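# Structural features, examined
These are the residues of each chain, in order.
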Amino acid sequence: MTDWTRPSVFVQYKGTDICLDFHCICDTEDEPAGVGHYDGYDAYALQCGRCGRIYEMPQELKLTLVEETAFTPVVVETDDTEGD
Ligand SMILES: [Zn+2]
């Protein structure tokens, strides 16, 4: 049984090139760590270079519904649109 909510996407990473800014829980107001940055492939899990904590990348992302976007959206066919 799934407990996912809509709108959302389930992500399957396929060695995809990524650029990310990382904030660990060790980055606190009392002990600021700043932003970690990574550019590259295969970021299935991240490890903080400061404290060593390891995080897995999420496979389910919540989507934000918008009226307009500066990006060109990709059209994702759903099961019930196939064959129309
Ligand atoms: Zn950390």
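Since this is a predicted model, take the numbers as computed values, not measurements. (Residues numbered from 1 in each chain as written. Predicted model: local features only at pLDDT ≥ 70, side-chain atom pairs only at ≥ 80, totals over all residues.)

## Some points on the overall build of the protein chain
- Of the regular secondary structure elements, the protein chain holds 0 helices and 6 strands.
- Listed N to C, the secondary structure of the protein chain is β-β-β-β-β-β in terms of helices and strands.
- Seen through its principal axes, the protein chain has C-alpha atoms that stretch 55 × 30 × 30 Å.
- The long-range share in the protein chain, meaning contacts at least 24 apart out of those at least 6 apart in sequence, stands at 53%. (Helix = DSSP H or I, 4+ residues; strand = E, 2+ residues; numbered from the N terminus. Contact = placed C-beta atoms within 7 Å.)

## Here we look at the environment of Thr72
- Locating Thr72 in the fold gives a position in the segment after β6 (60-62).
- Exposure remark for Thr72: the 5 C-beta atoms within 10 Å place this residue in the exposed category.
- Considered as a pair, Thr72 and Asp21 are 51 residues apart in the sequence and their alpha carbons are 23 Å apart. (Buried ≥ 20, exposed ≤ 12 C-beta atoms within 10 Å, placed from the backbone.)

## Focus on the confidence of the model for the protein chain
- For the protein chain, the average pLDDT comes to 90, and 92% of its residues sit at 70 or higher.
- Of all helices and strands in the protein chain, the one with the weakest mean pLDDT is strand β1 (residues 8-10) (90), whereas strand β5 (residues 54-56) scores best (97). (pLDDT = per-residue confidence, 0-100.)

## Comments concerning the environment of Phe10
- Its location among the elements puts Phe10 in strand β1.
- Residue contacts for Phe10: discarding those within four places in its chain leaves Gln59 and Glu60.

## Comments concerning the pairing of strand β3 (residues 36-40)
- The buried fraction of β3 amounts to 0 of the 5 residues, a small share that puts the element mostly on the outside.
- As defined by bridge partners, strand β2 (residues 18-22) adjoins β3 across 5 bridges and the pair is classed as antiparallel. The residue bridging Asp21 from the neighbouring strand is His37, located in β3. (Pairing = 2+ DSSP bridges.)

## Considering unusual backbone geometry
- Here Asp42, not a glycine, exhibits a phi torsion of approximately 60 degrees, which is positive.
- Assessed through the 11 C-beta atoms surrounding it within 10 Å, Asp42 is described here as exposed.

## So, the environment of Met57
- Considering the arrangement of structural elements, one finds Met57 in the loop between β5 and β6.
- Looking at Met57, the number of C-beta atoms within 10 Å reads 13, which means it is partly exposed.
- Separated by 51 residues in the primary sequence, Met57 and Arg6 place their C-alpha atoms 19 Å from one another.
- Those residues in contact with Met57 that lie beyond four places of it in its chain are Tyr13, Ala43, Tyr44, Ala45 and Leu46.

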